[in-house]
Amino acid sequence: MYTEDLTRAGVRKVLNPTGRQRTYDVRSATREGDTVTVSVLITDLSAKAARCYRFTRPVHDVSGTNSATAVPATSCE
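Residues numbered from 1 in each chain as written. Predicted model: local features only at pLDDT ≥ 70, side-chain atom pairs only at ≥ 80, totals over all residues. Heavy atoms only, no water.

(A) Summary view of the pairing of strand β3 (residues 50-58). Pairing analysis gives 9 bridges linking strand β2 (residues 35-43) to β3, with the strands arranged antiparallel. Paired with S39 across the strands is R54, a residue of β3. Between β2 and β3, which pair antiparallel and follow one another directly, the connecting turn spans 6 residues, one of which, A47, has a positive phi of 65°. (Pairing = 2+ DSSP bridges. Helix = DSSP H or I, 4+ residues; strand = E, 2+ residues; numbered from the N terminus.)

Here is the structure:
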């Protein structure tokens, strides 16, 4: 994703481009310094289980890879 798309709406569009899936809920996208952190609640299709993940990515990765780190989170902000 381009840096300017690392917003709540931008991430939501990438995860759910048609707007039909209900399994992703982008809870937040915040930028602090040179890092963007996105919290996403992922729910299974039966809506019986859900898990929050926090994705962190440098805004300007000098290596050019723009890689993200994802970890399970205890809560979604």
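(B) Geometry of the pattern of salt bridges. One pass over the full model with this rule turns up 1 salt bridge. A salt bridge links R27 to D25; the nearest nitrogen and oxygen atoms lie 2.7 Å apart. For R27, a relative accessible area of 34% corresponds to the partly exposed category. (Salt bridge = Lys/Arg side-chain N within 4 Å of Asp/Glu carboxyl O. Buried < 20%, exposed > 50% of the residue type's maximum accessible area, 1.4 Å probe, protein only.)

(C) Structural detail: the nonpolar core. By size, the foremost hydrophobic cluster in this structure holds 7 residues: L6, V11, V26, V36, V38, V40 and V59. In terms of residue count, the dominant contributor to this core is β2 (3 residues). When sequence neighbours within four positions are dropped, the list of residues in contact with V26 reads R8, V11, R12, L15, V38, S39 and V40. (Core = buried A, V, L, I, M, F, W, Y, C linked by side-chain atoms within 4.5 Å. Contact = heavy atoms within 4.5 Å.)

(D) Molecular detail of the layout of surface pockets. Of the pockets and cavities examined, the largest pocket occupies roughly 230 Å³. Every residue along the wall of the largest pocket is listed here: M1, L6, V11, V14, L15, V36, V38, V40, F55, T56, R57 and A68. The set of elements that each furnish at least two residues to the lining of the largest pocket consists of α1 (8-15), β2 and β3. Partitioning the lining of the largest pocket into residue classes produces 10 nonpolar, 1 polar and 1 charged. (1 Å grid on protein atoms, 1.4 Å probe; cavity = no way out; pocket = protein on both sides within 12 Å on 5 of 7 lines; lining within 4 Å. Points joined across faces, edges and corners; volume = space filled by probe spheres on them. Nonpolar A, V, L, I, M, F, W, Y, C, P; charged D, E, K, R; others polar.)

(E) Region of the structure containing the pairing of β2. Across 8 bridges, the pairing between strand β1 (residues 24-32) and β2 is antiparallel. Directly across from D25, in β2, lies its bridge partner L41. Linking two consecutive strands that pair antiparallel, namely β1 and β2, is a turn of 2 residues; a positive phi of about 65° is found at G33 within it.

(F) Fine view of the sheet that holds β3. Taken in spatial order, the 4 strands line up as β1-β2-β3-β4 in an open sheet, and their pairing is antiparallel. Each edge of the open sheet carries a strand with a single partner, namely β1 and β4 (69-73). Here the average twist between neighbouring strands, direction ignored, is 20°. In this fold α1 packs onto β1 and β2, with an angle of close to 140° to the strand it touches most, β1. (Axes fitted to C-alpha atoms, helices over the stretch in contact; angles between N-to-C directions.)

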